[in-house]
Each structure stands twice: as C-alpha cells, then as structure tokens.
Amino acid sequence: MTPPPASPALPDRARVVVVGGGVIGCSVAYHLAHEGWTDVVVLERDRLTSGTTWHAAGLMTCFGSTSETSTGIRLYSRDLYGRLEAETAVATGFKPVGLIEAAADTDRLHEYRRVAAFQRHLGLEVEEIGPNQMSELFPWARTDDLLAGFYVPGDGRVNPVDLTQSLARGAKNLGVRVVESVRVQDVLVADGEVCGVVVEDGTRIECEYVVNCTGMWARELGERSGVVIPNQAAEHYYLITDTIEGIDPDAPIFEDPASYGYYREEGGGMMVGLFEPHAAAWSVEGIPRDATFTSLKPDWDRMSPFLETAMARVPVTLEVGVRTFFCGPESFTPDLMPAVGEAPAIRGYFVAAGMNSVGVLSAGGLGRVLAHWIIAGLPDVDVTAWDVARFRADQLDPSYRRERTTEILGTVYAAHTPGKQLRTMRDRRLSPVHQRLVGNGGYLREVSGWEGADWFAGAGRTASADPTWGRAPWFARWEAEHRAVREGVGLMDMSFMAKLAVTGPEAGAVLGQLSAGDVDGEPGWITYTQWLNDDGRIEADLTVSKLDEERFWVVASDTAHGHVAGMLERASRNRDVSICDETEAYAQLNLQGPLSRDVLGGLTDADLATSAWPFRGVREIEVAGVPVTCARITYLGELGYELYVAADRALDLYDALAGGEGVRPVGLKALASLRMEKAYRDYGHDIDNTDCPLDVGLGFAVAWDTDFRGKEALLARKAAFPSTQRLVQIKLEDPEPLLYHAEPMLRDGEVVGYVRAASYGWTLGASVGLAFISSDEKVTADWLGGGAWEVDIAGQHYPAEVSLRPLYDPSSARVRV
C-alpha cells in the first residue's frame, strides 16, 4: 500500500499569506515580491490554476471600459504579459494578435464610439473600421450586416496556465514560497486584526496580512470571518471546432456581443466562446470540496439557441465538426464588479475575487494594485466601485445569488444603454414610504438594494421607459420635477441613505479625529465634511449632526455605507463609543425649494426664521405631531430641510408634507440634475479615494484649526496650491447633446481630462457635468479662461464653458435665505 504523500513543510509565520494559487493570487505575490516584500507564502488547496484559471479562454483585451481604473489595470496587464517571459524564462503565451469589437446596432455603435474616445485618452490604440476592413482582418466572420468595428492591434491572447506559472516563478525567484496541496481552513483574527491562518491539518501560520484570492471559494472563506463576498459560480461555455483549412493562428480575436460570441483560433480550429443573455448558476449551496480542474455537463437544450446565433456570425464553424464543447465554472458578483480591497472591519484582511470572467486580463494590474495597497496602506487608483465593503449581508442569501447570477452574467455582452436595469431580486429593501412612491407613479430603480423613484408619472399612472442614449418622453416629467424644486417645493424620499447613530462620552472625539471639518463644536449643527486617509485623500464624504454632547448622527451615501461603517468601527475600537446602524429604522424625507419653509411652517410650532434657525442648524422638533430630527441643509441648491423620522411614523410625515400647497413628489433624476447644476460632489461618482479635497473644490469644508487624520499631508498640499489638477464644472454651449460620463475634455484641441459625472441642467439650459482636468501648468481660473474648451461625445466635439465655481448660484445666496 502506497503511503499518503507527506504534508508540505509550512513556515511558522509569514508577513503575508496569499490564499489561492490562481492567476490573481500568483500576481499579488509576484508584485509584493517586486516591492521588496518577500516574506510571503502562497497556499493553494490543490494545484496552481486548478480552480477556474486553467480553463479561461485567455483573452487579453482592453477595449470596452469607461473606468480609468479598469482600463489602466488592463493596459498594465497587457504590457506585463509581453515582457514577463524575459524575466522568468517561463513563457506566458502572449500574442498581440489584435482585437476587433463588432458593433451590430446603433446603440452599440454610439456606446463604442464613446468608449473609444475615452480609452484613447488613456493610451489605448483603438480605431474605428468598416465592415470591409473587418472582413479583411477576420475573413471568417459575416460582416455585411455590421455597422462598424473597433480595432485594437495591441490586444491579443495569452495562455492562462503558462501565465500563472510564469508569475509564480517570478515570485519564487525573489523569495516567495508557493505551496500546493494545502487547504486553508480559516483566517485567525484578534482585536479586529488578522493574526494568522489555520490549514486543514490544524497547522497555524502567523501573519499580518491575508489575501483571499480563492476565486469561487471566496464567499465561503470570507463568511467564516464575517467578510461579505457574495460571488457565485456560474456555467460558462465555449467550443473548439475541428481543423479549419487556412485559418491563421495570428488572426485577431473577433467579438460580436450582439451574437453572444467571441472567436479566436485554437489548435487549428476556431474557439467560439459564449456569454448568453440568460445564464445558470452552479453549486449555489457551496463549491464541492473535491472540485478541481472542474468541467461541468453542458446543458445543450438551454444553450442551443445561443450557440446557433453565435456560430452563425462565423459560418465556417457550422460547416466543420466540434472537437470540444466545454462548460466550466466562472465566478460572478451581483453588480459585475470585482470584490477588491481590505475588509471593512478586519485590518489586514484583503480580498481579490469575483472577477466576472475578466480575471486573466486583469490579473497583472490587479496584483500591482493590491500589492501597493497592502504595503502603502491605501490604494493608488480609484477603487470606489470595486471596494469589497460595498456588499451587503443579504446578498449572501442563496436565492439572491442564484437569481441575480442568472441575470448578471447575461449583461456581460449586453449594450450599456442608459436606463437599463437589473430585474432580478427586486423589492427586497423598501422605503417606509414605498407605497406612496408607487401610488404617485414612481419609476423605480434599484439603489443599493433599495427601490428608489427616478421620476414620477403622476398619481394612479404606471411609469414606463425605454433605454436610450437620446431624449425620452419622460424627460418632461423630469424637467417639471427639477423646476418644482427651483421655483416651488419638492418632496423627495432618500431613505436609502446610510444613517448611523454615534453616542457616548468619546463620540465627539472619535468623529472629530475622523472628520476634516469641525463636527464637535456646539450642539445643534450639521456639518458637511470629508473623512481622509493618512495621505490626506478622501475616504468618505458625508454629514455629521451634533445633537448634544454625546449624541451624533452620521449620514452617508448608500454606496459608501459599508466603508463608512467600517471606518467608524475601526476608529471606535477600545473607545467609549456606541455605534448603531439606523438605516432601516429611520426614513429620510427631503423637503426642498424656495417655498419649503412655508410648507414646513404650517406643520410645526418651531421658529423657522433664518434668525432663529440658520442654514446648517439641526433641531429635534415635531412636524404634524410626528417627532423628527430636522436639518436645514440642501443637496439641491435651494432652501430646504432634511427630516429623519422613525420608520413607523414615516407615512404620517410624508402625507402631511405632501399635503402642503404646491408640494410635488420629486425623484432621483431631479436630484442628479439639481445637484449637478450646483456642482455638489458625489463620492464614488465625481470624487473618489485618489482625490485631495483641495483639488476637488472642497477646501472650504476643512477646519484647519482642528486635528484630524491626514492633516499633515493636506497642509503640505495647501502650501503648493493651486495644483496642476482640478475638478471643474462644465456646461455645453449647445443645448441638445447629452452628457453621461467619461467624455474627454479638450483645451485648445488637446485632451486634458474627462467628465466624471453629468446630467442635464434644466435651469442652466444645457448638459452640465463635473470634469477632472490635468495640466503641466497650475489649473487656475485664468488658465481655464485662457483656452477654448470642447467635450468629445462619441467622436464629435462640442464647445463648453468651464468654471471652478458653481454655474448656478455661485454665492449660495438661495440656500441661506
């Protein structure tokens, strides 16, 4: 009888333990080593690549993203894969054969032109080509019905297994230990910090950092430590045909998302990969313990219609036999964004998982980002959309993962036309006044799991809308709601906002250290402030209300909920402070507009005169007999009030406010257009974790005479201010074009930045946005005024006005009246 293999020798400790030996884990280890951190061990449960890396299609393509982070990560990966073999002597199989992305309809063509303009600005060599050129480059595809293609000559293909081995070799050459056949059972945590891992045989390895790179196992490992990573495995398909005579091994990759397919040469035949519009989750209850190099039984009945559509784009694939029809698991998250970063409540617990079928093409850059984050203590790219802290515990529910994964995989190749929504697992988190939103004809959309009204069709009507890049019939409702707030009074439900009650003798001190603004002064004031990191860059953008010496009310955006709660929990550890998440216990109703004081005054005995209740004042009062916490504050640029009310009294308050003369229900589209006219910032959209408050126009919110985290770094930047990069407001001169996001900005014909967020300014009469501009010179009002400005929208240039100050009510006189 052959004895079982001896257990691999493991170190007693390591500075970093990377769990998972796929392409992501090996890249993290490789980049840590290149930064001088070589006391690293990679633990792989079976063999390197045995999870999902081994069967990846090996595409190394950069086209398609309007995220600066994603594009940068892909460009870095492509460059690394081209030079890695020279360093490690292990081939990666990278071949820059090129990519052709087909646009089969007008929505995709417009989208891809926008994408191409944006990615050119970031350094991607992409050009639009016609059907004839597409046919010349990839003669096997039928192109006569395609509108255009987008050709990227430097993109290509890579061998996922060879790439992983090359990264592992590079890491080992620098001193990293890579150990196979060791299953990590749990991550050890003490006092909110990682202190080690325990493997299946009970061996413990002490460490300071753990990186969960376990792919489709990430959710299960994370749950053992209370880390929410709701990724879910799903079926992913491709086939490889028999030999096709004359096929060129150096032919470009061809993608036609409208036909659900990607195509490339493989072994003398053609690989046809699929991202079908209706997918299937796999093993929802948990990945089988013995799963390794897993292939799944194909569901021919479900896949046949999609396969026929994909193969019809390249007719030769229908004429030859099929050598392989493969189905294997891939890991997807509920929003199709990766799960990346440090767990909100555990220092030293990092995650890099849920790659949504782009793990190979992202691995190089993501490994660099994680290594920098671990070593420096903060990321050097915008991670607001990827932050693992964004997830919610309810997303771990098996039914949620099953249904959402079925839909989310289908969006991989869907057009990203504005107005498209996810439809699965809705109506799970409802505002206390949800029935009024529905009764007023609200057009509902998902807001971090909540149902929020975008606009209102009117009482008793059913709202409907079709996705479009252009103007839609419902724009008239949007405009009316916008003008109601500018000229009268509007009522908006924002109960989805994160609401945290912070109490105790040290509550003020903790919040004061976190906040760049002075939040711990006299009671009765609400303060708009930022929470910074040690480098003086923004980690949160929120308000803090001081109700009395030991009671504070923190309100942050829905998308920042987990991150803010995590920051607060860490800062409060071992302090005499209590934190209670009141998000679901309280509704938030905003009464906004020049007539809001008149409406509120008819429902309360409180003195609302400016002399008694100035801007930023916060009071606990009764409104129509309902106890509320009421702040005189606005995010829309008018006189207004935010009212926080217990959920069980929210309908009473809503009805009382809605009954006021001229009060109109107002939705989130108006929120966007109103705040954009006033150039109010939104964290995760137009400001992010790479930004300094001074560069994005938030220096007014900094209390320089208080002590706060990041102050020293911020003072150094203040001494050199103004800088060579600034966030500016823009307005198109032409009232017709629409801005959305990622449109390049040109000064005197040279691209100097791009639009981070935008809307239509109904009061200003044109599209407005916030754009981040960089220059070799200091960005001042004179510099802005000294150039001719344009915005590139899908390749067309439109003149624009640019300003450092808000174009609407720059002195804020209307909010202080």
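Not measured: the values here are computed from a predicted model.

Caption draft 1: Representation of the overall build of the chain in the model. If you tally the helices and strands in the chain, you get 20 helices and 38 strands. The globule rule puts the C-alpha radius of gyration for 817 residues at 28 Å, and the 27 Å found for the chain is close to it. For the C-alpha atoms alone, the extent of the chain along its principal axes is close to 85 × 65 × 55 Å. A buried classification covers 59% of the 817 residues belonging to the chain. The contacts of the chain with a sequence gap of at least 6 include a subset with a gap of at least 24, amounting to 73%.

Caption draft 2: Quick look at the sheet that holds strand β19 (residues 349-353). With respect to topology, 6 strands assemble into an open sheet ordered β8-β2-β1-β12-β19-β18, the strand pairing being mixed. Among the strands making up the open sheet, the edge pair consists of β8 (177-179) and β18 (339-342). Each strand of the sheet is rotated relative to its neighbour by a mean of 15°, with strand direction disregarded. Pairing between strand β2 (residues 40-43) and β8: 3 bridges, direction parallel. By the bridge assignment for β8, V41 is matched with R177.

Caption draft 3: Spatial organisation of the environment of V40. Topologically, V40 is positioned in strand β2. Between the alpha carbons of V40 and C207 there is a distance of 9.2 Å; along the sequence they are 167 residues apart. What V40 contacts, discounting residues up to four positions off in sequence, is V16, V18, A29, L32, V176 and R177.

Caption draft 4: Representation of the confidence of the model for the chain within the structure. Considering every residue of the chain, the mean pLDDT works out to 97; 99% of them sit at 70 or more. A low-confidence stretch, residues 1-5 (pLDDT under 50), is modelled with 0 contacts involving residues beyond four sequence positions or located in other chains.

Caption draft 5: Spotlight on the nonpolar core. Among the nonpolar cores identified, the biggest contains 78 residues, and F63 and L366 are the most heavily contacted of them. Counting residues per element, this core draws most heavily on helix α9 (residues 359-376), at 9 residues. The contacts of F63, once residues within four sequence positions are left out, are R74, L99, E101, Y112, V115, A116, Q119, L124, V126, F150, V152 and D155. Residues A457, A472, W474 and W762 belong to the second largest nonpolar core, which totals 36 residues.

Caption draft 6: Structural view of the environment of E801. One can find E801 in strand β38 (residues 796-803). Judged by its relative accessible area of 36%, E801 falls in the partly exposed class. Each C-alpha atom of the pair E801 and I730 lies 5.5 Å from the other, and the pair is 71 residues apart in sequence. If we skip the residues at most four places from it in the chain, E801 touches Q729, I730, K731 and L807.

Caption draft 7: Region of interest: the pattern of salt bridges. What the rule picks out here adds up to 57 salt bridges. One salt bridge connects E125 with R78, and the closest N-O pair in it is separated by 3.0 Å. Of the two residues, E125 sits in the loop between α3 (106-121) and β5 (127-129) while R78 sits in helix α2 (residues 68-88), which places them 47 residues apart along the sequence. Overall, E125 belongs to the partly exposed group, its relative accessible area being 29%. Close ionic contact of D520 with K546 constitutes a salt bridge, the shortest N to O distance being 2.8 Å. One end of the pair, D520, is in the loop between α13 (507-514) and β24 (525-532); the other, K546, is in strand β25 (residues 538-548), and 26 residues separate them in sequence. Classification of D520 by relative accessible area gives partly exposed; the value is 35%. According to the relative accessible area criterion, K546 is buried, its value standing at 1%. A single salt-bridge network, built from bridges that share partners, covers R142, D144, D145, D256 and R313.

Caption draft 8: The arrangement of the environment of T66 in detail. Mapping T66 onto the fold places it in the loop between β3 (59-60) and α2. Each C-alpha atom, one on T66 and one on D335, is 16 Å from the other, the two residues being 269 residues apart in sequence. Residue contacts for T66: discarding those within four places in its chain leaves V115, F118, H741 and A742.

Caption draft 9: Expanded view of the side chain of R74. With respect to the element layout, R74 can be found in helix α2. Buried and unpaired, R74 has D155 as its nearest opposite-charge partner, separated by 7.4 Å. Beyond its immediate chain neighbours, meaning those up to four positions away, R74 contacts M60, T61, C62, F63, V358 and L361.

Caption draft 10: Spotlight on the packing of α13 against helix α14 (residues 561-572). Contact pair α13 / α14: the axes reach a minimum separation of 10 Å and the direction vectors enclose 120°. As summarised for this structure, α13 and α14 are arranged oblique, according to the angle between their axes. Between α13 and α14 lies a crossing whose hand is right-handed. For the pair α13 and α14, contact is made by V510, L511 and L514 and by M567, L568, A571 and S572, respectively. Partitioned by chemical class, the residues of the contact of α13 with α14 number 6 nonpolar, 1 polar and no charged.

Caption draft 11: Examining the sheet that holds strand β10 (residues 193-199) more closely. Here 3 strands make up an open sheet; going across it, the order is β9-β10-β11 and the pairing antiparallel. Edge positions in the sheet fall to β9 (184-190) and β11 (204-206), since each has one partner strand and no second. On average, each strand axis in the sheet is inclined to that of its neighbour by 25°, with strand direction left out of account. Two strands pair when backbone bridges link them, and β9 and β10 are joined in this way by 6 bridges, in the antiparallel orientation. Paired with V187 across the two strands is V197, which belongs to β10.

Basis of the calculations
- Residues numbered from 1 in each chain as written.
- Predicted model: local features only at pLDDT ≥ 70, side-chain atom pairs only at ≥ 80, totals over all residues.
- Heavy atoms only, no water.
- Helix = DSSP H or I, 4+ residues; strand = E, 2+ residues; numbered from the N terminus.
- Rg over C-alpha atoms; globule rule 2.2 N^0.38 Å.
- Buried < 20%, exposed > 50% of the residue type's maximum accessible area, 1.4 Å probe, protein only.
- Contact = heavy atoms within 4.5 Å.
- Pairing = 2+ DSSP bridges.
- Axes fitted to C-alpha atoms, helices over the stretch in contact; angles between N-to-C directions.
- pLDDT = per-residue confidence, 0-100.
- Core = buried A, V, L, I, M, F, W, Y, C linked by side-chain atoms within 4.5 Å.
- Salt bridge = Lys/Arg side-chain N within 4 Å of Asp/Glu carboxyl O.
- Lys, Arg positive; Asp, Glu negative; His and termini not counted.
- Parallel < 35°, antiparallel > 145°, perpendicular 65-115°, else oblique.
- Left-handed = near helix turned anticlockwise from the far one by under 90°.
- Nonpolar A, V, L, I, M, F, W, Y, C, P; charged D, E, K, R; others polar.

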